[in-house]
Amino acid sequence: MINNINKNNRSNSVAKIILYTIKSRLLLSFAIVFAVVMAIVTSLFPPLILGDIIDAMTAQQAVTWGMILAYFGLTVLTGLMEAAREGLLTVFGQKITHALRSGLMDKFTRLTADCLNKQEPGAVVSRFVGDVDTVEALFTSGIISMFADACRIISILAVIWFHNKGLAIVLVVLLPFLFWFTRHVQKNMLSAQIENRRAVSRASGHVPETLHNIRTVHTLGKERYMEQRYDEYIGESYHAMEKTNFYDAIYSPAILILNAVVVAVVMLFSASGNPAVLTLFGMSAGTAVAVMNYISQIFSPVESLGMEIQTIQSALAGVKRIDEFLEQNEFEKQDTKAPNEPVVRFDNVTFGYDDKNILNNLSFEVRTGEQVTLSGRTGAGKSTIFKLILGLYRPGQGSVTIDGVNSADIPDKAKRRLFGYVEQSFHMVPGTVKDQITLFDESITMDEVKKAAELTGLDDAIMSLPDGYDTKCTADLFSQGQWQLLSIARAAAAQPKMLLLDEITANLDADTEQTVLSALKRVSENRTVISISHRVNASTGRIITVG
Amino acid sequence: MQQTKKKISKKIEHPDRIIEYFKEEWIVLLAVTISGMIYNVGLLAGPWFEGKMTGCLVNILGGSETFADMLILVALYVISIAVVQISRYIKRFYVRRFSNNVNKHMKQILYGSLVHKSRAQLQEEGVGNVMTKAILDVDDCVEGMRKFTTEIFDTGVAMVAYMGMLLWYDWRLALLCMIFPPVSYYIAERMKVIVQKTGAAYKVQSGILSAATLDRANNAVTYRVFGCEGERRESYEKNLTDYEKSAVLANIWNSSLQPIYRIISMTGVIFILYFGGKNVLGVGWREWSVAAFATFLACFTKLAVKSSKAAKLFNAVHKAQVSWKRIKPLMVIPNDDAPQSVQPVRCADTLESVPELTVNRISFAYPESKNIYSGISFSAKPGEIIGVTGPVACGKSTLGKTFLCEYPYDGSIRLSGRELKDMTASERTGLVGYLGHDPELFNDSIANNVMMGDKGDCRQYLKTVCIDEEVNAMEDGTDTLVGSGGVRLSGGQAQRLALARTLCHMKHLMVLDDSFSALDKNTEVQVFNNLRAMTQNNIVILISHRLYLFPQMSRIIWMDGGRAIVGTHEQLMEQCPEYANLYLEQAGGGSDEKWQM
């Protein structure tokens, strides 16, 4: 019942991102087209010159240096053009990779909290890293060489038409079959590859999860079980990959056997002695040699098309999954201003995850400076109320406003100075102790950091660390209670208007709790405090019972 | 193949030697070798038959052979091509199977060694790095091994064949034009340094990017709540730019040098055109027909293309070496004594050793820092529940973790008469259960999270922790997926599920660190009573800062400033004023818990 299903309103897709990259790098794109075309054109000339050379030899004339140098020079030019093409493609491929990851991160930043919670970190990494890499391969070794190969096939077909019409007809008849066979391989490979990528992402997600839960794995003695799970995940990807390998390995041999059959058929027709057949297939021995070369020349680009299919297929599987990611719901910020109202206002709010309502027609107000405790049994929706206040979700019905603004529409920049949110447990970010408090927000000064730490009584403990505030944070640096204090320092650092405390005392003893709360109280002149507690008494301020 | 045909075991004696993986897969590699040989030798069949057929066509036109001769020839041609191509299929398929097997095997070993590493060891390396190491590096490394295996046949064998052919036609000209492929080869070898250096820099950047992505995904909600997403977005953009630079550098050396190598290899063609032309005119080293000239030129072109591929092969092998160097130190088979003794010794089957816990004057410090607590002594008998409490940072969580022996302690902890630190890790695992603050749930079903692969019904444990009804109400019951780290559960649900898992794997000594903190009082009391009923034969150490259940406990340990006072609830009420005050504040004054604002 989350109402902000505004599907795809920015409608980003892989295709659009790529198109945009091409548009913004016009010069680079033109340089690539130039290099590709030049590489094809220059590669057409050496065989012609070679033909001249052989003609000259047949006529018992000496080969001139001009011919030799022209032949070699054009070969060199072809090579240089190919080198330029590869280099430019690398640069271009990386530009696209960069743009795709930027686009993905933009999207990630705009995902609804619900979508955010459903992301597995391992799967996100494999989307951002693995899938984007395969899309890059689409350009560096897929589409462009496919185009070049297609050009080659057409030009060879034209040449064969002039030498042996019968063969050209045979080939034209054969091409649809070839196309069907290629499509068949494509389809089977795509499904196997999607399955493979899914399995790979499950397997790679298993590794960070194990690292995170390593203590449980050790104390329960479940190393073997975890290995078995990992084996299962790899086994799934192995199985899917084996299928891909089958199609990959069978494609080229099948094509080359077909090549041999075509040569055989042409030879038989030419040897048939039937005049009607010979009008189409008749040829001299010299032409026969030339034609055999042409046949293998037309089949070898078809064979590399087969290889390029593989690249493109795996990229398409990646594209499909990236597009799925880009199609997820986004939250929307609207500019709704209302006349001055209580700080927090719930107006007939109904809300639930999936199909089960947690809150039904809930209404309450909290005024500036007021101290309120939310009370109720486990699962009554107290944490959910916080999530609504923080704007992570929009209510199904009714409205949640902060200073008259819909909570989900509060801009990011304003949030840090508005809310201080202390969760039940601390989420460590990679970095120093200071980074834990600032969360990399450079607008929070060192003074504010220190003040926040002093407030929670952590300053001494931090200063006694080897590098003080610049000590790199590890999970064993602080005790559980100290982590909680750090969490409070994080919330208080930006001096927010409102503190949201979610069962913070769950992990604090009474003494520390009192120190912390009285410290916070000292600076909460105009600060609103909303807390969650299972247990309440008279000293907790106004009580709102939920559920 | 003198190797005795023992059942292909999963054991590799030296997992840090790459050759072992080739040995392990010898059957698959044998298939590759046989089919690879047939394929490469058979490659000559095509041109040979084509020449024969041309000759036959000439003879038919001249009337000296018949259609039937051509029919036989054509049939043989198609059959031989079919045999060659089928061998090629077998070769390709098995080369890939080989790489799949090695890939799987390496990842198994890697994961196996990772899962057996201690928590402290794992924290020395960043999660993202370990992950890229384990997954990306193995893929790269195996890709290099695959290419190496493939190219031994496709490039190595084929090149020797072509060279033989060239020498046979005109050995002087052959030697002259064959100077150039080794030159390109040599340059490729010299470029190896740059390729490896940029490759390594690229690897580092890709590790950083993965770590940044993982952080962003793991802490997404935290960053959002604090409005830090914009800033994180910019920092990620910077990572992307660095990555782009290093990737372009690394890949440009890899890809755009190929055509250049080919040009260098092809330089020999100048000599072929000049001296070959002379040969045809009859004024050179040998007498050639035009056909011989064409064959020689075609052979040389193929050789040159192959040798530029050889350079590519070296780059792939180099890339594999960079990866392998990073994987190698991780490739250790853990001394795997775990599975036999992991079975928790149920109390009934050990009559002689009543599991009694005696803790004598223990103290603990993290490496290179001062003692967190010292001089704690107490003992416990089966069926007893010991409560541990004290102010924040008094070391009570550390006391709980001491029983895990993640770091050494001073003093003595004896369980069933044996010293805890002298036991093997697996023996300890069989005796000590632990549950900390973090529920550490897996992205799997509820049932799998509780049973962790054990047989049985998880419902009884769910009932013990009073979560059975909530689970029944979920869409898939016990098969409901809990999401990564249990995100789809509430804090209290995750905590109870973790408790159910711990109870399902009951040990002699159970250490529960604040496992009820997210529960409301009624649920907590109910769970506590169920726990007590279940642990009649076990010792439970319950760390908590909520004291209203403490009167029901056998003994209390009050910790403050690294010191401990041990006694029954009544004794502590008399002897320890801090404890008494705290208890009275929480339970005494009519309210459940002090909460002042």
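Residues numbered from 1 in each chain as written. Chains lettered and ligands numbered in written order. Predicted model: local features only at pLDDT ≥ 70, side-chain atom pairs only at ≥ 80, totals over all residues. Heavy atoms only, no water.

Caption draft 1: Looking closely at the overall build of chain B. Scanning chain B for helices and strands turns up 23 helices and 10 strands. The buried share of chain B, reckoned over its 597 residues, is 56%. Within chain B, contacts between residues at least 6 apart in sequence are counted, and of these 73% link residues at least 24 apart. Surface summary for chain B: the accessible area is close to 25,500 Å², and the carbon and sulfur share equals 58%. (Helix = DSSP H or I, 4+ residues; strand = E, 2+ residues; numbered from the N terminus. Buried < 20%, exposed > 50% of the residue type's maximum accessible area, 1.4 Å probe, protein only. Contact = heavy atoms within 4.5 Å. Areas by Shrake-Rupley, 256 points an atom, 1.4 Å probe, with all protein chains shown as cover.)

Caption draft 2: Seen up close, the nonpolar core. Core analysis: the largest hydrophobic core is formed by 64 residues, its most contacted members being A:Val344, A:Phe346 and A:Ile389. Per-element tally for this core: the top contributor is helix α16 (residues 480–492) of chain A, with 6 residues. If we ignore the near neighbours within four places in the chain, the residues touching A:Val344 are A:Phe364, A:Glu365, A:Val366, A:Ile389, A:Thr401, A:Ile402, A:Met498 and A:Ile530. Counting 46 residues, the second largest nonpolar core, distinct from the first, contains B:Tyr461, B:Ala494, B:Leu503 and B:Ile556. (Core = buried A, V, L, I, M, F, W, Y, C linked by side-chain atoms within 4.5 Å.)

Caption draft 3: View of a nonpolar patch on the surface. Residues and elements named next belong to chain A. Taken together, Trp161, Phe162, Ile169, Val173 and Leu280 make up a surface patch of nonpolar side chains, about 520 Å² in accessible area. Position of Phe162 among the secondary structure elements: in helix α5 (residues 121–163). A relative accessible area of 67% means that Phe162 is categorised as exposed. (Patch = residues over 30% accessible without salt bridge, like charges linked within 9 Å, V, L, I, M, F, W, Y side chains within 5 Å. Salt bridge = Lys/Arg side-chain N within 4 Å of Asp/Glu carboxyl O.)

Caption draft 4: The arrangement of the packing of aromatic side chains in detail. Following the criterion strictly, the structure yields 30 aromatic pairs over all chains and no others. On the numbers, 4.8 Å between centres and 20° between planes, the contact of A:Trp65 with B:Tyr274 is stacked. Taken together, the residues span two chains, with A:Trp65 in helix α3 (residues 65–110) and B:Tyr274 in helix α12 (residues 269–281). Accessibility expressed as a relative area gives 25% for B:Tyr274, which makes it partly exposed. A connected cluster of aromatic rings, assembled from ring pairs, spans A:Trp65, B:Phe180, B:Phe271, B:Tyr274, B:Phe275 and B:Trp285. (Phe/Tyr/Trp six-rings, centres within 6.5 Å; stacked < 30°, edge-to-face > 60°.)

Caption draft 5: Structural view of the confidence of the model for chain B. Per-residue pLDDT for chain B has a mean of 81; in total, 89% of the residues score no lower than 70. Scored as a whole, the predicted complex attains pTM 0.62, and scored at its interfaces, ipTM 0.74. (pLDDT = per-residue confidence, 0-100.)

Caption draft 6: Fine view of the pairing of strand β7 (residues 509–513) of chain B. Residue and element names in this part refer to chain B. Burial runs high along β7: 5 of the 5 residues are buried. Of the two faces of β7, the one carrying Leu509, Val511 and Asp513 and the one carrying Met510 and Leu512 are both buried. Bridge analysis of strand β6 (residues 432–435) against β7 gives 4 bridges, and the strand direction is parallel. Directly across from Tyr434, in β7, lies its bridge partner Val511. Pairing analysis gives 5 bridges linking β7 to strand β8 (residues 539–543), with the strands arranged parallel. (Pairing = 2+ DSSP bridges.)

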